[in-house]
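Observations on the three-dimensional arrangement
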Amino acid sequence: MNWGEIQLESLKKMFLNSDILSVDKLEEYKKDKKYKTYLDAMPQATNEAINYILENGRSYISSFELEKNDTNKYNLPKLIDKFKRIHEISYDGNNILNYHTEGNNVLVIKNWSDGNITIYYESYLDRITNETSNDYKIDLDNQLLSLIPLYIAGELYKDDDISMATQYLNEFMSQVNTLKDKDYSFSPDSIRTVYSMYV
């Protein structure tokens, strides 16, 4: 499901049309006063939906190979693009690492003499804007992408039909919470080190 398809599915939830809506006509719909206000507001609503999913349902986990420096301090947001918070640290060396964090974002390692350190971290995704191409694919599973139109319709249809809008939002949040219950549980504020000892 790409960005254009998300917009189209959102419109379908808000409008009962006798005509079949098409992704190919989205640019035309953006000039139609019937749809324009809703389509203009969809990027922000989409970003809100994505943030809700990442914080309450399923985090987007990326990895980064840390390179040793002379200060033993690593400012992760400066080193890692779109860094949000640490998920896990993996270390395959022989030592038991002596490390801590300063202010959640600065990793301090005092005895890294061998092996490799991989930072697994929760990542932000690129924001959707009014200039985003309809062909753009948001880097989430289709299972998650299919929930976004529920949030969009719930947020943007409040002034038209509060009852229907509330139903969409409730369904969105229920589905996100179900995903969280099924996923591996972890504490985003904890660091878990994995050791692989060489013999």
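See the structure shown above.
Next up on the list: the pairing of strand β4 (residues 99-102). Successive side chains on a regular strand alternate, one facing one side of the sheet and the next facing the other. Pairing between β4 and strand β5 (residues 106-109): 4 bridges, direction antiparallel. Looking across to β5, one finds that H100 is bridged to V108. Two successive antiparallel strands, β4 and β5, enclose a turn made up of 3 residues, where G103 displays a positive phi of approximately 65 degrees.

Scanning all chains against the criterion turns up 10 salt bridges. The salt bridge involving R58 is made with D141; its shortest N-O contact spans 3.5 Å. In this pair, R58 sits in the loop between α3 (36-56) and β1 (61-66) while D141 sits in the loop between β6 (117-123) and α5 (142-145), placing the two residues 83 residues apart along the sequence. We classify D141 as partly exposed; its relative accessible area is 46%. In this structure, the salt-bridge partner of E122 is R85, at a minimum N-O distance of 2.8 Å. Linking E122 in strand β6 with R85 in strand β3 (residues 83-91), this pair joins segments that are 37 residues apart in sequence. E122 sits in the buried class, given a relative accessible area of 2%.

The next subject is the side chain of N2. Mapped onto the elements of the fold, N2 is located in the segment before α1 (3-14). A distance of 3.2 Å separates a polar atom in the side chain of N2 from the backbone nitrogen of G4. Look past the residues within four positions of N2 in its chain and what remains in contact with it is N134, D135, Y136 and K137.

Once that is clear, we can look at the sheet that holds strand β2 (residues 73-75). Pairing in this open sheet of 3 strands is antiparallel, and the strands run β2-β5-β4 from one edge to the other. Two strands lie at the open edges of the sheet, namely β2 and β4, each paired on one side alone. Adjacent strand axes in the sheet meet at a mean angle of 20 degrees, parallel and antiparallel pairs treated alike. Inspection of the sheet shows β2 paired to β5 by 3 bridges, in the antiparallel sense. Paired with N75 across the two strands is V106, which belongs to β5.

What counts, and at which threshold
Residues numbered from 1 in each chain as written. Predicted model: local features only at pLDDT ≥ 70, side-chain atom pairs only at ≥ 80, totals over all residues. Heavy atoms only, no water. Pairing = 2+ DSSP bridges. Helix = DSSP H or I, 4+ residues; strand = E, 2+ residues; numbered from the N terminus. Salt bridge = Lys/Arg side-chain N within 4 Å of Asp/Glu carboxyl O. Buried < 20%, exposed > 50% of the residue type's maximum accessible area, 1.4 Å probe, protein only. Polar contact = N/O pair within 3.5 Å; in protein donor to acceptor, adjacent residues only side chain to side chain. Contact = heavy atoms within 4.5 Å. Axes fitted to C-alpha atoms, helices over the stretch in contact; angles between N-to-C directions.

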